[in-house]
Structures are given as structure tokens and as C-alpha cells.
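Read off the chains here:
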Amino acid sequence: MSDAMPSVAERTQKLEGLGTARKRVEDVRFTQGKGNYVDDLKMPGMLFGEFVRSPYAHARVKSIDTSAALALPGVKAVLTAEDLKPLNLHWMPTLAGDVQAVLADEKVLFQFQEVAFVVAEDRYIASDAAQLVEVDYEELPVLVDPLKAMDADAVVLREDIKDQEEVGGHGPRRHPNHVFTWEVGDKGGADTAFDGADVTVEEFISYQRVHPCPLETCGCVASMDAINGKLTVWGTFQAPHAVRTVASLISTIPEHKIRIISPDIGGGFGNKVGVYPGYVCAIVASIVLGVPVKWIENRIENLSATAFARDYHMTGELAATSDGRITGLRCHVVANQGAFDACADPTQYPAGFFNIVTGSYDIPVAHLSVDGVYTNKAPGGVAYRCSFRVTEASYLIERMIDVLARKLDMDPAELRIKNFIKKEQFPYQSALGWEYDSGDYHTAMEKALQSVDYPALRAEQAANREAFARGETRSLMGVGVAFFTEIVGAGPIKNCDILGLGMFDSCEIRIHPTGSAIARLGTISQGQGHATTFAQILATEIGLPADNIAIEEGDTDTAPYGLGTYGSRSTPVAGAATAMAGRKIRAKAQMIAAYLLEVHDDDLEWDVDRFVVKGAPERAKTMAEIAFAAYNSVPPGMEPGLEAVSYYDPPNMTYPYGAYICVVDVDVDTGVTDIRRFYALDDCGTRINPMIIDGQVHGGLTEALGIALGQEIDYDEIGNIKGGSLLDYFLPTAVETPVWETDFTEVPSPHHPIGAKGVGESPNVGGVSAISNAVNDAFAHLGLTHTQMPHDHWRVWKTAERLGLTG
Amino acid sequence: MGKHHVKMTVNGSAVEALAEPRMLLIHFLREQLNLTGPHIGCDTSHCGACTVDLDGKSVKSCTLFVAQADGAEIRTIEGMAGPGGSLHVLQEMFREHHGLQCGFCTPGMITRAYRLLQENPDPSEEEIRFGISGNLCRCTGYQNIVKAIRAAADQINAAKEAAE
Amino acid sequence: MIPGSFEYHRPQTVDEAVGLLAQHGDDARVVAGGHSLIPMMKLRMAVLDHLIDLQAIDGLSGVSDNGDSLVIGAMTTQNELIADPVLAAKCPIIAETALQIADPQVRYCGTIGGNVANGDPGNDMPALMQALDAAYVAQGPDGTREIAARSFYEAAYFTELGENEIITAVRVPTPAAGHGYAYEKQKRKIGDYATAAAAVLLTMSAGTCAWAAIALTNVGDTPLYAEDATAALVGSSVDKAAVDRAVALAEGLTNPAADARGPADYRTKLAGIMVRRAIARALERAA
């Protein structure tokens, strides 16, 4: 046996564990069109649901006449709020502690709000029937500007909670359209810093309303088995267990009689975290009609009525010394929550983790206040490919650094380096309450600047500016630098819960006698490749090849409880649980091996895929051998089997970071911005699968490009949504998307069992800042301090026009 | 309105059915023929997730009535693999080069890439990007999709040369 | 997403198609490539009881060279236009324009007839046909006639085409050999309608512009043939002064809609930029 034993390298390679660019197991079915998405489901007797939606942004519902719709052959039911009232389901709680109308109860509060739910034999009949429902509306004045929501004469939107002092337990409301105020930091200290500062800058920075727009829209199939009293719902759920618990609480069906299944999901990006009226209506319809009911929204419905992202209107201020040391930060934000606050945030954080706004910088004192307000817009918001409100916070600080650099006539990279948290300062207590666990910002920035030859870029830019002034070119070059620090991996139960459910996560592993395994997790992939990567974590922990480890997620009947996948939390939390469960397996395996080899536990050491007797390497037991033994030869007093479960409560969040550099050329006469080059250096700690990490960075940067250069969900003054279809909502094609250059450093998280931090959303956080900084930088020498996103052609042209460039 | 009798060939098999003229080809494929590979991603004919190969053309099956497809020869992602289930080189290269993540755009993307390589067996990076500009992806940023298609082209061309 | 119900017809001849139109009147529409009509039907913005599919009618596709004109069948797809060797040799601006319409899948289905017939201000072929001084061959119950592209468009979605007429072909006077040409289109992303676009053709003779044509897309509720701007080029050396004049005159014609592509003043200025760049490229290409 020992003569033939393969080397450490060979055995490690065979496992395809941590660090391997393992090919994805999911791809086998996806490339053959054999994915199993919600709309692929067909069940006998299944009916289809479709909504009747309000054309008005704010109106009373005087009457709803469903008779013509009900008379259409093939129509089985038309639900309105009246039908849901006896079940107390016409309203439902949101994840933010507010309530949301499932079907409009007396009034509508945003265009496309759900008013009635038609159920029919097929989607064609359902569509015809929805046209036949007659609703009588009385229009009311519309409020779309969040900055006017708390005016004395603003129209009152939420009559349903007008006597309610608080929403979500976030303190007294100052105005009927006020949701919450969240304040963090040291106001007095910050004011003192500003009063005594050499230099201060202030800028109003809007982060426009956008939408995650995954390629698959939201939907579900609800099936109530009346005989057994069990409700099964397949759906686009990024947090299936949370949905089960919420469904139980609002329906009074006991939780063990509810099964939620997230099958393959065609992208989430935060859009699929919350509970939508369509899910509730499909469930009610199934209960009432006794057959499965499918609801799949179309794209216009998805963009218009499901959770938006951002819509934060931020005033940032920095105080600094004359040589560029930042001495204080103040921010105030008006957060547009839409008609209902359906934000997916941990309960203690109505503005998410916006207090990461000190970013990568050692800022001694800071103060932040956020006012949430209601408007006649779709409810939300969600974390679109980011952790809660991290994109907004990161954008604010990254823009403010550039604004300060401009004021001080300092290079933006130099100003950042000057103010970075230093390596020796970790763990670092930020002025707004987070303990950053680790980082080496200087090394990352150095590497990035060298890789792009930053001084050469600035020299080229200087030459370009001179050529432009001489009339030799109509193109202005911009260089955007962004150095973001994210906060992901929600999170420690002591401060992170969603509706009271602590944000731990879980992994349950069972090893089979013949040496393969199945592991189930509380998370759910929507394209991140968990079935591939979590097997890699386990392969390294327990020494079985990744190909022999099946990973399952998404069925609440079998998966251990978890809080799902969003906010880059899967690797930090469930990945940790996976490693911990793997270690429990290995600990038991060690005892079994010792028993089999007739040595003491401590006489063994772990060698890739086996336990070896110290000093006698020919005496070993592989994990595969131990697995079989677990079913027949365990030590006396030990239970047979080889199984472990870990519920992991992380001690802290994780803090991935990155240095991104974007080079643009702006055509001043047309407003077109060409991204000439984009370099992204990410530090996500231990890198589980480099191929998948690169894929995540490419995808996140492309989403960032969309946001920075054109995405916008806008409304006119009477609340009509503009850009609610793909005719206008900017999704880049392969032509608009540049080649992304990726790079990395690797500073492991000190508290994570395998040192990993999460990476899926970093590129969206850093990408938007880098691109926006680049566009702003193109005009900075001409006096521009800030121009609002999106930097689409006409806005960039208008900026050029205001600067007198378009003649 | 009455149903229409349609006959077509789908993935090599003859198909006959009765369908409302207004039934969109994508719904006919997914619901009557149970070919759930092509997907629906939008309402305005932009995303390309529904792309099929019809009479030698890449077509968005959400923008065609099944009645218009009467008499056509159609290939979907389910018809890409060879006899005995051997994967098409595009299917292999998409996996090899991580050209997919959530998989939702993938059937339409591969089906379009197939026709692209028929049109142009040796496309440059720019030509590939232009050639798939009717297929949106939200996950990959297209970079590895382009790599996968280029790799497939290389393999197909090498095999052709070897055969000659 | 789901259209209303209709009866489907697949006539074998133009006469049959015309007959069906006459029979069903307002409740009937013809469909060519379908990529303008069907999306409207899916949004229930176009509602019809009878759909007349032209795909089975022989003789409506293809390009023929009649010496002084090129005749393009109305059912010729954008893809076929791009690949056609006669067009490539005699009138390459058509392929250049077609390549900027929509995306590969749409170009497999979308036809030149469909692109010119609807009166959609966003379509690219109408302005090009005006620049080329093309004529649309229309067949109806009363026979066949030709309608000049330059007088075809009345308002958005309102054209000279009679209720029961079908466009069967587009006749393009063959531009002089050695002409310069360019279709310059700016859009928010590939596949979008133009924020502004300009078609320019010109011929030069001993350093002087002997003939020109300028037309604009999507900066008014119809395509805009810029007669005065064109006149400003003819007889000039296409020097900066002449181009400036042409650009100013072209801008003066515009009346763009303010939409997500931008406010009206931006689109007007952009139309001017498109004209300027198209003239520059056309000049480079002119013999």
C-alpha cells in the first residue's frame, strides 16, 4: 500500500478542494436546458394567476367589478382585498417591520400596485380575464419627490398607519410620511471637528433608484394538499426558511405543515429576498381552489412592482487638514422607501449597514443620520448585489474623497493612501461602530497602481487635457480610483436578525458507507455555484473528493435552518458552518481511525485524505475506509454513523475590500463614455475557486456599469413609471461591456474558519464608484465637483454644456 | 377564435398540434412540447433567452406566433447534443470556460452561438460580442461566454482541418 | 405579455392578401417580420381580429438590379440586405444601416417593408430611403402605384399608405458610382432606436460636391429629409463653412421628443453631430 501511495500533491489534486478552479457541477444540466426553474414546473390541474394592477400612483379604489372576468370560460376565481380580509391576509408584514397591502385595500399607493388576482386555466385566459376586471378609481394628489415628503402640506400617503407612532420600532415619526430616523456617531464631536477644520467640503450626491432585474422574474407554484393539510410552495426565494416561518406566522398553518422549495433560480441579486403579493395570492388561491396555482410575473411587473434598490439622497461632508488628513465626516440621507417600507434589512438597521460609510479610511469622528420617507413609488428597497446599503455608503465616501482631493488639488489615489486604515491598526474600531477585522490596504493599492502604471495614466491625462484645450481632440480622459471596504456576511445574532430570526447559517453532513457524502445548507444559490464550491470546502476538510460530495439547498423539509443567500453571506456564514461541520466529522473520524489502528487519538495526524500514525506513515486509514467502518466498527460507547451538523453564529461580519481603477474617454460632443480599461483587485480572503471568483467579478462589474452609465427607474410628476421595461431599462449587452482585468491579494479573515470573506458583491460596490469617479474625473480640471448618476449620454453632455465645452 | 392545426419539426421529430393562432412559439415549445430549455426573460423582445434556431435562423421565439412557425424546422437547446447524448462542443466549452452562472440565459445563448458559428466560423472577439448582442446575461459579464464561443470555434475548426 | 385573440391567414398571393385586408378593414393587419407588430400586440397596444401573414407569398424577397434602379422586395430581411452582393456593390449604405438596426435575431426576421411601412419615427430605413429618394411600390384593390419616400410620412404612425394597400417593393435609384455615404447613428446601447441618426450621401467632382442627400432619424415625428442642409453642401467644396451651414440647417429641422434618450435640445445638437460625422465619413469614401 505504501509503495503505491500517491504524493501529497496528487492526492490534493484529486480532491479538487480549496483553491481549485473546479468545473461546475451545475453546468451539466444548465447547458442542456435541463435546469429546473419555477416556470418549468407543471402539475396536474395547475391553474394560473395574474394580477390586475393600478394605472394610478395614488387613488382611492371606489369599486371593483369582477363579474365580466368571472363569466369568462376557464376563469376559476378573482380575488380582491375583500376575499383576503377574513383570512387577515389583505395586508402582510414586511421585512422592515412595516406592513404592505397584498391586494389594494381602499386605496392604491403606487402605479402597478396589485388590485385583484385572477385565477384561470391557462395564462392566456388569465390575461384576457384581467382585462375584463373593472376598477373605479378616484385619483389623489401624487408625491414622488422624497425631498418633499415631509413638507407641511405634503399629501398623506399611509392613512392605514396615520395614528401609528413608530414603524418597525425605529422611534417616533415626525410626519405622516416619515418612516424612521436612524442616527449613529458623535454629533458634537463631528461638529467640533468641522468648526476647527482647515478645509471642509460638502456635496449632495444622489444614488438613483434602480432595480436588480435578474433575467428570471419572480414567481411561485403554491400547492395546498388539503387531505394532508400540507402546503408546498416552489418559488424564487433567496431565503426559503425565512419565507416558511413568515408564511406560518401570517397564515396560521403550523410550520411543520409548510414546505418551501427554491429550485433553480435564474439570478437573484436581492430581488428575490422579500415576500411579494403574488406568493400570498397564489397560496390563498391554492387553499381555496384545492389545486396548485402558478404565478409568474412578467418583466414590466418585475421592474415596476418588485423591490427596487438605492434611491438614497445623500449629503456628505468631510473636514480635513490642509495637507489632506481627514478629521471628520458628516452625512445626512433621505431614504426613499416607496409606498411601503419593504426593505430587506436586519431589524436593528433600518438603513442597513450604511454606517460603513467611513469606508477604508481612518476617520476619527463621524456622524450619520438617515430619514426614511414614503412616496408614491414601488415599495422596497433591497440590496442589489451588495450588502445592506453598502453600495450607497461606499459610493458616498468614494465620491467625497474625490471631491476633497479636487479641493486640495491632491491626487485622489494619494489622498486615499494618506488616510487608509493601516495594517497595524486592525482590528479597527470605526467611528460609526464597526470592528473591521483585518486588511492590508496599502499593499493592495500599491499593487493596483503599479499594475496599471498609474503615473503614466495621469501623465497621459495631462497631455490629453492640453490637447483638448488646444482644440486637437474632443475627447476627455478620466481616471477613476475606488478603494472600497465592504461589510458582508450578516451576521452575528447579537446584532443581526431578520424579523427576529438570528442570521446564523448551517450545514448538515452525512457520510455514506462507501465514502461519498451529502451536505445540506441553509443557503440557496442563484448562480453562485454553491454545489461546486461548498463541496470544495468539504473536500479539503474531510478528504473526500469534491465529486463525491453532493450539495443540496433550498428544500425546507430537508435543509437545516438558514437565512438564505444575499449580501455575500453564504461563504462567510454557511461556508463557515460547512467547515465547522466538516471538522466535527473529522474529529469523530479520528477517533474511529485510532480505534481501528489501535492507537491513541493523539498518535494520529491528518494527511490530505487520511489519518496517519505519527512516525509510521504506512499505518493509515483513509476517510473512505473510516466511512465504512463508521457503520460497523465504531469504538464501544460511540454511536455508529458519520454525520455532523453546525449552526454557525459568526463572531463578526467580514470586510472584503478592493482597489479598482477605471480609465474612460468621454466624447464631449455626444456624451458617450467609453470604458477603455478597468482593473479590479479584490481581497476576499481565502479563495475557494478562482474561476468562480473571476466570474463573480466580471458579472458584478457589468452590473455596476449598468448602474453607473444608464440604469434608472424614474417617475414623472404624477407617478407614472418611466423605464419599466427592457426597452428603456439599461442592461448592457456584450458590446457595451469591456474586458475586465482581475487581480487579487489574499488577507484571510482572522475569525472565519477558512479565512474566506465573500466576493460576489464587491464588484458592484467598487465598480460603480470607480466608473463614476472616472467620469467625474474627466471634467474635474474644469471645475466640476460632482455630476449625478447615471452618467448616460445626455447627462454627460449636459455636464459638458454647463462647463461651456459644447459650443 | 378557433384553433389552428400546425405541423413542424422540432429537434428532429415531427410535431403536430392544435393551437390558438395567438399562442406564442415560446409557450408552445415550453408548455405543449415540454421543452423548457428556452426561457422567458422579458416582454419586449430584448433579452434573447427564448432564442431558438428556426429554418437556419436565430429567432426570438417569444416574438413569433406558433401559426407562423407552421412548416418550420426548429432546433432548441434540447436538440444540441448529438446522438447518444454526446454534448455539442459549445455545451462543453461553456462548462470548460465558466460561461454560465445561473443558467437562465444559457439555452438561448448557446443556441444563438451555434448559428453565429455557422454564419462565421472564425469570429474575432468583436464579432462574437456583436453576434451575441441580442442575448442578455446578468451574471457573467459576457467575458467567459466570449471565451467559450471562441474555444468552440477553435475546436470545430481544428476538427474540420483534421478531417480534411 | 399575452396578445388578444385573432384569426390567422396565410395568403399565397398579394391579391389574396389585399383582398383579406379589404374584407376585414380596420380589424386586420398584415405581418411581415413581426418584430414591430407582435411586441405591440403582446402589450395589447395593437388589437386586431385578423392577422395576415405575408411569408408565403412568392416574389416579395430579393434584390434586382434594373440598371438605373435597384428593386428590393418588401419581405427582404435586414440580414438578407446585409448579405446581398448587388447592394454591397451598388448601394452599400443600405447594409451599413441594416447592421445598426436591432440585434442579430431581429435582423433575421425584420424586413425592409416592415421597417418603412409603419411610420414609426424610431425606424432607421425611412430616413435612408428619403436620402436615396426611393419610392415604395404599393399594391391595393385599385392596382399598383409608387409613393415617394420623401412624401410618404405624415406624422408618427400616419403614412400615405392606403388602408388596404401593401408595400410590395422598394425602388431605389442607383446612386452614382464612386459616391460617398455614411449612416451615423448614436444609441444608448446596441439594438436601441436612435437618440439621433443621420444618413448622408454625396458625390464629388473635381473637389466640388455635385450631388448630396441628408436625412435624419428619430428627431421628429417623421423621418426628416434635410433639403436645405443638402443644398448647402451642393456646389461647395464641403469645407468647414459649408458643413457648419448644413449642420445648422439640419438642426433647425428637428423637433425631437424628450424621452429617456434625452431632452429635446440635446437630441437636436446630437443630430447636428451625426450629420457632421456622416458628412466627414461620406467625404472620405467619395471617389
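Structure: above.
J.: Account for the overall build of chain A, with residues named and values stated.
T.: When you go through chain A residue by residue, the secondary structure sums to 19 helices and 35 strands. Taken over the C-alpha trace, chain A has a radius of gyration of 28 Å; the compact-globule value for 807 residues is 28 Å, and the two agree within 12%. Along the first, second and third principal axes, the C-alpha atoms of chain A reach 85 × 75 × 50 Å. Here chain A, with 807 residues, has 67% of them falling under the buried criterion. Partitioning the contacts of chain A with sequence separation of at least 6, the portion at a separation of at least 24 is 80%. Accessible area of chain A: about 25,800 Å², with a carbon and sulfur share of 52%. On chain A, the mean spot of the 67 positive side-chain charges and the mean spot of the 108 negative ones are 2 Å from each other.

J.: Quick one: what's the story with the nonpolar core, residue by residue and with numbers?
T.: Core analysis: the largest hydrophobic core is formed by 227 residues, its most contacted members being Phe353, Phe354, Phe678 and Phe779 of chain A together with Ile149 of chain B. Counting residues in each nonpolar core, the second largest holds 47 residues, with Cys507, Ile509, Ala627 and Ala644 of chain A among its members.

J.: Can you lay out the environment of isoleucine 26 of chain B for me, pointing to particular residues and giving the numbers?
T.: Residues and elements named next belong to chain B. With respect to the helices and strands, the residue isoleucine 26 is situated in helix α1 (residues 25–32). Owing to a relative accessible area of 0%, isoleucine 26 belongs among the buried residues under this scheme. As for isoleucine 26 and valine 52, which are separated by 26 residues in sequence, their C-alpha atoms are 8.9 Å apart. With residues near it in sequence (within four places) discarded, isoleucine 26 still touches Pro38, His39, Ile40, Cys50, Ser61 and Cys62.

J.: Got a sec to walk through the packing of aromatic side chains? Specific residues and values, please.
T.: The full count for this structure, using the stated rule, is 38 aromatic pairs over all chains. Seen from their ring centres, tyrosine 436 of chain A and tyrosine 655 of chain A are 5.0 Å apart, and the 15° between their planes marks the pair as stacked. Linking tyrosine 436 of chain A in strand β20 (residues 435–436) with tyrosine 655 of chain A in the loop between β30 (643–648) and β31 (657–667), this pair joins segments that are 219 residues apart in sequence. Measuring from ring centre to ring centre gives 4.8 Å for tyrosine 441 of chain A and tyrosine 657 of chain A, while their planes differ by 70°; the resulting arrangement is edge-to-face. Of this pair, tyrosine 441 of chain A sits in helix α12 (residues 441–451) while tyrosine 657 of chain A sits in strand β31, placing them 216 residues apart in sequence. The two residues tyrosine 441 of chain A and tyrosine 657 of chain A agree in class, both being buried. Feature note: the residues Phe51, Phe117, Phe237, Tyr276, Tyr279 and Trp295 of chain A constitute an aromatic cluster, connected by ring pairs. The ring of tyrosine 225 of chain C has arginine 150 of chain C lying over it, and the distance from NZ or CZ to the ring centre is 3.6 Å.

J.: Mind laying out the pattern of salt bridges, listing which residues take part and the relevant values?
T.: Note that side chains of opposite charge can pair when their charged atoms are close. A full pass over the atoms with the stated rule returns 88 salt bridges over all chains. The partner of lysine 272 of chain A in a salt bridge is glutamate 216 of chain A, and the shortest N-O contact between them spans 2.9 Å. Of this pair, lysine 272 of chain A sits in the loop between β13 (258–261) and α8 (277–289) while glutamate 216 of chain A sits in the loop between β10 (199–210) and β11 (219–225), placing them 56 residues apart in sequence. Between glutamate 552 of chain A and arginine 520 of chain A there is a salt bridge; the shortest N-O distance is 2.9 Å. Residue glutamate 552 of chain A is located in strand β26 (residues 549–553), and its partner arginine 520 of chain A is located in strand β25 (residues 517–521); the two are separated by 32 residues in the primary sequence. Residue glutamate 552 of chain A is classed as partly exposed on the basis of its relative accessible area of 34%. We classify arginine 520 of chain A as buried; its relative accessible area is 17%. Among the charged side chains, a network of salt bridges with common partners joins Asp39, Asp40, Arg123 and Lys294 of chain A together with Arg30 and Glu31 of chain B.

Reading guide: rules and limits
Residues numbered from 1 in each chain as written. Chains lettered and ligands numbered in written order. Predicted model: local features only at pLDDT ≥ 70, side-chain atom pairs only at ≥ 80, totals over all residues. Heavy atoms only, no water. Helix = DSSP H or I, 4+ residues; strand = E, 2+ residues; numbered from the N terminus. Rg over C-alpha atoms; globule rule 2.2 N^0.38 Å. Buried < 20%, exposed > 50% of the residue type's maximum accessible area, 1.4 Å probe, protein only. Contact = heavy atoms within 4.5 Å. Areas by Shrake-Rupley, 256 points an atom, 1.4 Å probe, with all protein chains shown as cover. Lys, Arg positive; Asp, Glu negative; His and termini not counted. Charge placed at Lys NZ, Arg CZ, Asp CG, Glu CD. Core = buried A, V, L, I, M, F, W, Y, C linked by side-chain atoms within 4.5 Å. Phe/Tyr/Trp six-rings, centres within 6.5 Å; stacked < 30°, edge-to-face > 60°. Lys NZ or Arg CZ within 6 Å of the ring centre and 35° of its normal. Salt bridge = Lys/Arg side-chain N within 4 Å of Asp/Glu carboxyl O.

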